[in-house]
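Notes for the structure review
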2 protein chains.
Amino acid sequence: MSPSLVANGDIVPGVLTGRLASVYSEVQTSRIDHALPLPSVLRNPFTIVDGPPSSAAGNPGEIAKLFPNLYGQPSAVLVPSADAVGSDRELKIGVVLSGGQAPGGHNVISGIFDYLQVHVKGSTLYGFKGGPAGIMKCKYVKLNSDFIYPYRNQGGFDMICSGRDKIETPEQFKQAEDTALKLDLDGLVVIGGDDSNTNACLLAENFKGKNLKTKVIGCPKTIDGDLKCKEVPTSFGFDTACKIYAEMIGNVMTDARSTGKYYHFVRLMGRSASHITLECALQTHPNITIIGEEVAAKKQTLKNVTDYIVDVICKRAELGYNYGVILIPEGLIDFIPEVQRLIAELNEVLANGVVDEDGQWKQNLAPQSLQLFEFLPLAIQEQLMLERDPHGNVQVAKIETEKMLIQMVETELEKRKQQGSYKGQFKGQSHFFGYEGRCGLPTNFDSMYCYALGFAAGALLHSGKTGLISSVANLGAPVEEWTVGGTALTSLMDVERRHGKFKPVIKKAMVELDGTPFKKFASMRDKWALKNHYISPGPIQFVGPVADAVNHTLLLELGALA
Amino acid sequence: MSPSLVANGDIVPGVLTGRLASVYSEVQTSRIDHALPLPSVLRNPFTIVDGPPSSAAGNPGEIAKLFPNLYGQPSAVLVPSADAVGSDRELKIGVVLSGGQAPGGHNVISGIFDYLQVHVKGSTLYGFKGGPAGIMKCKYVKLNSDFIYPYRNQGGFDMICSGRDKIETPEQFKQAEDTALKLDLDGLVVIGGDDSNTNACLLAENFKGKNLKTKVIGCPKTIDGDLKCKEVPTSFGFDTACKIYAEMIGNVMTDARSTGKYYHFVRLMGRSASHITLECALQTHPNITIIGEEVAAKKQTLKNVTDYIVDVICKRAELGYNYGVILIPEGLIDFIPEVQRLIAELNEVLANGVVDEDGQWKQNLAPQSLQLFEFLPLAIQEQLMLERDPHGNVQVAKIETEKMLIQMVETELEKRKQQGSYKGQFKGQSHFFGYEGRCGLPTNFDSMYCYALGFAAGALLHSGKTGLISSVANLGAPVEEWTVGGTALTSLMDVERRHGKFKPVIKKAMVELDGTPFKKFASMRDKWALKNHYISPGPIQFVGPVADAVNHTLLLELGALA
């Protein structure tokens, strides 16, 4: 069933869906029927082969205690076989989107749906609405061909929407059980980031412990690119988001070079890890790139970061360049130890003391924190003092790091001008590229990768697996040769001590300073700093020779790019 | 001569140009050799036919006095003919980019160059560097095949860069004459907006008055889309810039619908006219769009605009939608009479009086201005008082209108919440889409249009025309059928009284409230406001079925779109 969609400005006829009465652009329309290749192992009869028993990423003893039913279970690999996997019994499967949007989520769902259509005809796919809360409240929609059709290869999560709730308390686990029983679920696919996949594993453990038949499979989603490991080479959405940001950065670079008078400070989404910033740097070759993990490893201060930027600006001015492009990760501030200390002290002061106009309150700050506070631009000082979250805490996330850096750079350049060591002109322009990238039309890579992830999740559930994360690898090769399987979620876990208890966590994959992507960047950044080696990646292309290109980070990590 | 460019990461070999040692993305590389079709009249032998004598857009008597040598001259049209235009004598032509970047500028230059290569072999093309200042200082580069090659179909103005200087004073005209004589220029092409084309016409008049052989031809450039008339249906760059912004807006819309909790306030470049905002609205169907020209025509206040937004937000909340997308033109504030008055009074106060902390100074404001000042969010009040330009004036351009509106909407919604007429949740997210759009890779339309404009400029100079603006029309038809000619710049002119003197101006083409694009928008906006009819145009495509689409504004104005 393929209700025909018509071009721009017309209404999708007769499709009773969440995108009812939606109008599609020509590009959207052209994407809907874009055929997706599958890895050859998914196109032919296959069976599932278990690997050796698994361990954990850290503290296996504690993980074993937290997951008595799942710990040690093997990862699984799909291999061609004449004996097809699973029975013909119809399945009832649920799927949920968890956390922030990432391009490709709709394709994971399409992949699950199509797997069931091809392999277990008559099965039912429930889409839980609004994230994990949909599971707990048993709010769902039954997905069928017509419903799914308009979302194929489309951005966003609006097919069933997402949410940030977690299933944590015994009551919440009970609610999830009730839903599983009520819908007679054979399986559940949780599409999410590190937290959501940890949650998926806890759910799998819980269901298994209660002898429920409901299996749980995770899928690696996040534009931030910080959920990955050997078996799961990348999270979906990263490729698309980076390419969207890189398009914008490339345009701004061309603008900078044409105008010759602006330094563009571009803050990029990605609070915990700097993968997006690093990838965008590799795609565009900016003059300056700040990588949070490096700042943390070198224990740099805000002054160090400012000085690094100012040094480059001064050297460029001597070469006649009074313009440039600077990339900054959204989470920069979180990587700077002294800022963390200042914030903690401010929260303390604000919670307990009186903030007097004369500034006597500042004596409650440690000398180093006071010095940092005074170093901050006035506007940022005010923002720190005035804007609080509902718990009364300073809202670090609201600080526009790019604007703060512009002001600090201005001040420092003014000093150097007076000292005679800088004779250039400086004008800063600030940008934040964030929301634009989370919901774009997925690239061909993300479209194919997500479809395979969904198909694989279907296969894993069909064969009765639980507590695995859908794993599609060998991504540097043509799609036909991609490998497919599931990785034991417990094998990705370590524990963290919180409130006196061990909590399981999938450790975020940070930028590795000895990894290939960072090393490639580090080997080139000095060259990029002084001369201009800007690259303008241009808009994402869906057809033509460049449409299937894959991001640098992935290719470098796979060893598929020099 | 086509030095081969290689894919991403590699250096352009052996091309000694301004983009020396540039690296090209795969998309950039794929664009370089993209063949551009020409209107059939430019592909075959043609001659130039003059139309009837022309008049002026207003005050023909004054225009006649200001342009005694040019006034009344006919526009010209290229028609097929066995007798080719112009002589075989080699020409010396200069070209200059004036004002802000617009995608396609490099293609205009390529078009001029290729015209000369094809029709007047051995001619010389000088690129004046850094805008009109390059003419005055005689700073130029001789353009050859190798130099131009890497810029074909590429964004930016960096081939010869641009500038905002004007040739105005007698001394400056003298400098331009000196350059024309020194380089023995047969012609000059000025690529720019309304001001730059007015300047081009003054230069043409001046050269003609001095009996110099140098002819001057203008080209319509501006992403703002406010330089157009019957003969010049659009300015180049508008198509690309709008498509880049619309891609971002479409992504943000999908994000809004997926997340369900943000109102995105998107400010769009375009200070004088709201064409960009209108075009983006037609491409994406936002919930709310503010068109400056309508605000001005209806003499709306900032409170009116705020109330309109708040009304829609309240109605949407009743329908369960606590999210949306709102487009705002960069120049909104300039369209509101009361804001203009307040700014004028503030400038007066700041210049003359003392601003006391108790606020006594406010008594110097007229009551209405005081009321508006108090209505503004505190941060904006502070910004108005603190940030001055070098002349001590309030910096209106620095006001982030989208953030100001978010705060005013928040305040008003809070009131309505207390009155019980609003029960929703409101979270604003601000965006400014500007620099990202000015230097993108030109769309196929802008690439072809600019190339034809450049080719036409070459033809006009070759046939000895001066004081015309290169005019390519019939743009709704296939490229082969585009018409080509030159329009008398004086026919586009009116006068403005400045410092007691009449100054010639090409009137900016504002959004016409009775024009087809606005009327189409106005007929649909109420539907868009309450339900969601979002369209996500997706990234610009260079190949495939959707690559040659043209923007709505142009098609609607041409009557080529219902």
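Residues numbered from 1 in each chain as written. Chains lettered and ligands numbered in written order. Predicted model: local features only at pLDDT ≥ 70, side-chain atom pairs only at ≥ 80, totals over all residues. Heavy atoms only, no water.

Turning to helix H12 (residues 302-318) of chain A, a few remarks are in order. Residue and element names in this part refer to chain A. Helix length check: H12 (17 residues) gives 25 Å between terminal C-alpha atoms against 24 Å at 1.5 Å per residue, within 8%. Among all positions of H12, only Leu302, Val305, Thr306, Asp307, Ile309, Val310, Val312, Ile313, Cys314, Arg316 and Ala317 are buried. Backbone geometry just downstream of H12 places glycine 320 in the positive-phi region, at approximately 95°. (Helix = DSSP H or I, 4+ residues; strand = E, 2+ residues; numbered from the N terminus. Expected span 1.5 Å × (residues − 1). Buried < 20%, exposed > 50% of the residue type's maximum accessible area, 1.4 Å probe, protein only.)

Bringing the pattern of salt bridges into the picture now. A pair can form between side chains of opposite charge whenever their charged atoms are brought close. Residue and element names in this part refer to chain A. All told, the structure shown has 64 salt bridges over all chains when counted by the stated rule. Between glutamate 62 and lysine 65 there is a salt bridge whose closest N-O contact spans 3.3 Å. On the criterion of helical spacing, the pair formed by glutamate 62 and lysine 65 is a turn pair, its members being three residues apart in helix H3 (residues 60-66). You can call lysine 65 exposed: its relative accessible area is 61%. The network of salt bridges with common partners includes Lys303, Asp307, Asp311, Glu412, Lys415 and Arg416. (Salt bridge = Lys/Arg side-chain N within 4 Å of Asp/Glu carboxyl O.)

Aligned on chain B, chain A shows an RMSD of 0.0 Å; the corresponding rotation is 180° and the shift along the axis is 0.0 Å. The transformation just described matches what one would write down for a two-fold rotation axis. Most of the interface of chain A is mirrored in chain B: 100% of its interface residues are interface residues there too. (Least-squares fit on C-alpha atoms with pLDDT ≥ 70 in both. Contact = heavy atoms within 4.5 Å.)

Quick look at the sheet that holds strand E11 (residues 324-329) of chain A now. Two modes of strand pairing occur in sheets, parallel and antiparallel, and in both the strands are linked by backbone hydrogen bonds. Residues and elements named next belong to chain A. The four strands lie next to each other as E10-E11-E9-E12, forming an open sheet whose pairing is parallel. Since the sheet does not close on itself, it has two edges, and those belong to strand E10 (288-289) and strand E12 (428-433), each with one partner. Packed on one face of the sheet, helix H10 (residues 275-284) meets strand E9 (263-268), E10 and E11 and runs near 155° to E11. Taken strand by strand, helix H16 (residues 401-419) contacts E9, E11 and E12, and its axis lies near 160° from that of E12. (Pairing = 2+ DSSP bridges. Axes fitted to C-alpha atoms, helices over the stretch in contact; angles between N-to-C directions.)

Moving on, we come to the nonpolar core. Nonpolar side chains in soluble globular proteins tend to end up buried together. A:Ile109, A:Leu143, B:Ile109 and B:Leu143 are the most contacted members of the largest nonpolar core, which has 256 residues in total. Every residue in contact with B:Ile109, bar those within four places of it in the chain, is listed here: B:Val95, B:Leu97, B:Leu125, B:Leu143, B:Ile148, B:Met159, B:Ile160 and B:Ile191. (Core = buried A, V, L, I, M, F, W, Y, C linked by side-chain atoms within 4.5 Å.)

On to the packing of helix H4 (residues 105-119) of chain A against helix H18 (residues 444-462) of chain A, then. All names here are of chain A. Here H4 crosses H18 at 45°, and the two axes come no closer than 7 Å. With respect to H18, the element H4 is oriented oblique. Relative to H18, H4 is oriented so that their crossing is right-handed. Of the residues in H18, those touching H4 at Asn107, Val108, Ser110, Gly111, Ile112, Asp114, Tyr115, Val118 and His119 are Ser447, Cys450, Tyr451, Gly454, Phe455, Ala457, Gly458, Ala459 and His462. Across the contact of H4 with H18, the residue classes break down as nine nonpolar, eight polar and one charged. (Parallel < 35°, antiparallel > 145°, perpendicular 65-115°, else oblique. Left-handed = near helix turned anticlockwise from the far one by under 90°. Nonpolar A, V, L, I, M, F, W, Y, C, P; charged D, E, K, R; others polar.)

To continue, consider the sheet that holds strand E9 (residues 263-268) of chain B. Residue and element names in this part refer to chain B. One open sheet accounts for four strands, arranged E10-E11-E9-E12; its pairing is parallel. The sheet terminates laterally at strand E10 (288-289) and strand E12 (428-433), the two strands that pair on one side only. Across the sheet, helix H16 (residues 401-419) is in contact with E9, strand E11 (324-329) and E12; its angle to E12 comes to roughly 160°.

Turning next to the domain arrangement of chain A. Residue and element names in this part refer to chain A. Along its sequence, chain A is organised into domain 1 (22-237 + 442-498) and domain 2 (242-438 + 513-558). Each of domain 1 and domain 2 was reduced to a C-alpha centroid, and the two centroids are 35 Å apart. Listed by partner, the interface residues are 21 residues for domain 1 and 21 residues for domain 2. Of the roughly 1,700 Å² buried between domain 1 and domain 2, counting both surfaces, carbon and sulfur atoms make up 59%. (Domains from an automatic or database assignment. Buried area = accessible area lost by both parts, 1.4 Å probe.)

Counting residues at the interface gives 57 residues for chain A and 57 residues for chain B. When the two sides are added together, the surface that chain A and chain B hide from each other amounts to roughly 4,600 Å², 54% of it contributed by carbon and sulfur. By the criterion of area lost to chain B, the three top residues of chain A are A:Ser258, A:Tyr435 and A:Glu436, representing 14% of everything that side buries. If you look at where chain A meets chain B, you find six salt bridges. In this structure, A:Lys403 engages B:Glu400 in a salt bridge whose closest nitrogen and oxygen atoms are separated by 2.9 Å. Linking chain A with chain B are 26 residue pairs in polar contact (both at pLDDT 80 or more), by the criterion used here. Those elements that provide at least two residues to the side of chain A that touches chain B are helix H1 (26-32), helix H9 (238-259), E12 and helix H17 (435-438) of chain A. For the side of chain A that touches chain B, the element with the highest residue contribution is H9(A), accounting for 10 residues. Here the side of chain A that touches chain B is composed, by residue class, of 23 nonpolar, 24 polar and 10 charged. (Polar contact = N/O pair within 3.5 Å; in protein donor to acceptor, adjacent residues only side chain to side chain.)

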